[in-house]
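# Topology and contacts: notes
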Amino acid sequence: MTTKHFSALASATARAIAAVRTEHCPAPDFRPAAAVRGSMPCMKCRGRLSFTASAIDGRTSGRCSSSGCIRWNE
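This text gives an overview of the structure that appears in the document. (Residues numbered from 1 in each chain as written. Predicted model: local features only at pLDDT ≥ 70, side-chain atom pairs only at ≥ 80, totals over all residues. Heavy atoms only, no water.)

### Brief notes about unusual backbone geometry
Here the residue pair A27 and P28 is connected by a cis peptide bond, since its omega of 5° sits within 30 degrees of zero. By the secondary structure assignment, P28 is in the loop between α2 (12-24) and β1 (36-41). Phi at F30 is positive, roughly 55°, even though this residue is not glycine. Since its relative accessible area comes to 49%, F30 is described here as partly exposed. With a phi close to 70°, R46 is a non-glycine residue in the positive phi region. Turning to its location among the elements, R46 is positioned in the loop between β1 and β2 (48-53). (Helix = DSSP H or I, 4+ residues; strand = E, 2+ residues; numbered from the N terminus. Buried < 20%, exposed > 50% of the residue type's maximum accessible area, 1.4 Å probe, protein only.)

Listed below in structure tokens is the structure:
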């Protein structure tokens, strides 16, 4: 499935997780060299989406600044 098709079918949360993992969790380990904290525009409401990626196991978490919007913790 191409990125264009993925974006059309995936939820905003799935797109946000994919964006964080693509940018900060490269193969073959799929985890960053050092812990990452950052922010980007929210995929759903264009608010501020703050995220983290763990260097230990590659788990990510994120939360939009808007109430009731994107939030995940894996």
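Back to the write-up after that little detour.
### Describing the pairing of strand β3 (residues 60-64)
In β3, alternate side chains face the same way, and those of T60, G62 and C64 are buried while those of S61 and R63 on the opposite face are not. Relative to β3, β2 is paired through five bridges, and the arrangement is antiparallel. Pairing of F51 across the sheet is with G62, part of β3. The hairpin formed by β2 and β3 contains six residues between the paired strands, and G58 there has a positive phi angle of roughly 80°. For β3 and strand β4 (residues 71-73), the ladder comprises three bridges, and the chain directions are antiparallel. Pairing of R63 across the sheet is with R71, part of β4. (Pairing = 2+ DSSP bridges.)

### A look at the sheet that holds β4
Strand order in the open sheet formed by four strands is β1-β2-β3-β4, and the pairing between neighbours is antiparallel. If you trace the sheet from one side to the other, it starts and ends with β1 and β4, each paired once. Taking the axes of each pair of neighbouring strands and ignoring which way they run, one obtains an average angle of 20° across the sheet. (Axes fitted to C-alpha atoms, helices over the stretch in contact; angles between N-to-C directions.)

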